[in-house]
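Read off the chains here:
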Amino acid sequence: IDESQPGVSGASGGGPRLRVSSGVPPSTVRVRIVDPTECTVVGEGQEGEVWVQGPSVARGYWRNAEATQAVFGARLRGDEASGNWMRTGDLAREIEGQLYITGRMKDVIIIGGRQIYPQDVEDFVQGLDKRLKLGSGIAFGIETPDGEVLALAQETFELTASEHRSLVQLMR
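In this text the structure is predicted, and so the values were computed from the model without any measurement.

(A) Molecular detail of the overall build of the chain. Helix and strand counts for the chain come out as three helices and eleven strands. What you see in the chain, going N to C, is helices and strands ordered as β-β-β-β-β-α-β-β-β-β-α-β-β-α. Taken across its 172 residues, the chain has 31% of its residues classed as buried. Long-range pairs, those at least 24 residues apart, make up 46% of the contacts in the chain between residues at least 6 apart in sequence. In the structure as shown, the chain presents an accessible area of about 10,900 Å², 51% of it carried by carbon and sulfur atoms.

Following this line, the structure appears as C-alpha cells:
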C-alpha cells in the first residue's frame, strides 16, 4: 500500500482504507501537521498532529492556565517566531494542500515506537472467527513500568471452556 496516495491509509486485515479529504484550510487559518514529540513540521504525506493558528482560535480555557498553556501555547521548534499554536489532538496528513484526518492522539496506542490504532486491532480480531461479536470489543493501551502494552476485551457468543481457550489463543 502506498499510504502517501491521497485518501489511502493502511488498515489491518482489510486492505486499504479510503479517507475523505477535509478540504483545504481557509486562508484565515494557518494549519501545520506536526510531530507531537519533536514539535517540528512533518513532510507532505506524513502523519502528525494538527496545529492551528488564526483569529477564530480561542486564546485559552477560562481560569485554567495550565491547560491553556498545554493546548494553546504550543511552539514550533526552530520557528518560535511564528507564535503560539493550538494543539488539536487530531492526527492527519496533508497531501497536495488537502487535509486528511486519520485519528486522534489519545486513541493511538504506542508500543515499541509503533503507532497502533485501536479500531484496526478491533476490526482485525473480530474478523478472525464468527464466534466473536462484531462491534463488541475494545482495544486499549495499559501503561506498565516497561511501557505501554496492548489489551483487548472482546465479547463472544456462548462458548464452552475449551472454545474460549482456543479463541484466546487465536487472538494472541
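The discussion continues.
(B) Quick peek at the sheet that holds strand β7 (residues 98-104). Read from one edge to the other, the open sheet built from five strands follows the order β4-β3-β5-β6-β7, with strand pairing classed as antiparallel. Two strands lie at the open edges of the sheet, namely β4 (40-41) and β7, each paired on one side alone. Direction of pairing for strand β6 (residues 86-95) relative to β7: antiparallel, over a ladder of six bridges. Along β7, the bridge assignment pairs L91 with G103.

(C) Looking closely at the nonpolar core. By size, the foremost hydrophobic cluster in this structure holds ten residues: V29, V31, I33, V42, V50, V52, F72, M86, A92 and L99. Those elements that provide at least two residues to this core are β3 (30-35), β5 (48-53) and β6. Non-local contacts of V31, meaning those with residues more than four positions away in its chain, are made with P25, V50, W51, V52 and W85. Core analysis: the second largest hydrophobic core is formed by seven residues, I109, V125, A139 and L167 among them.

(D) Summary view of the pairing of β3. Pairing of β3 with β5 involves five bridges; the strand directions are antiparallel. What sits directly across from I33, in β5, is V50. Note that β3 and β4 share two bridges and pair antiparallel. By the bridge assignment for β4, V34 is matched with V41. Remark: four residues form the turn of the hairpin made by β3 and β4, two consecutive strands paired antiparallel; C39 in that turn has positive phi of roughly 60°.

(E) Looking closely at unusual backbone geometry. At C39, a residue that is not glycine, the phi angle is positive and equals roughly 60°. Residue placement: C39 occurs in the loop between β3 and β4. Taking the relative accessible area as the measure of exposure, C39 reaches 16% and is therefore buried. Phi at E96 takes a positive value of approximately 50°, unusual for a residue other than glycine. Among the structural elements, E96 can be located in the loop between β6 and β7.

(F) Local environment of the packing of aromatic side chains. Scanning the model with the defined rule gives one aromatic pair in all. A centroid spacing of 5.1 Å and a plane angle of 75° characterise the contact between Y61 and F72, whose relative ring orientation is edge-to-face. Here Y61, found in the loop between β5 and α1 (65-72), pairs with F72, found in helix α1; they are eleven residues apart in sequence, far enough to count as distant. What makes Y61 partly exposed here is its relative accessible area of 42%. Classification of F72 by relative accessible area gives buried; the value is 11%.

Each value, and the rule that gives it
Residues numbered from 1 in each chain as written. Predicted model: local features only at pLDDT ≥ 70, side-chain atom pairs only at ≥ 80, totals over all residues. Heavy atoms only, no water. Helix = DSSP H or I, 4+ residues; strand = E, 2+ residues; numbered from the N terminus. Buried < 20%, exposed > 50% of the residue type's maximum accessible area, 1.4 Å probe, protein only. Contact = heavy atoms within 4.5 Å. Areas by Shrake-Rupley, 256 points an atom, 1.4 Å probe, with all protein chains shown as cover. Pairing = 2+ DSSP bridges. Core = buried A, V, L, I, M, F, W, Y, C linked by side-chain atoms within 4.5 Å. Phe/Tyr/Trp six-rings, centres within 6.5 Å; stacked < 30°, edge-to-face > 60°.

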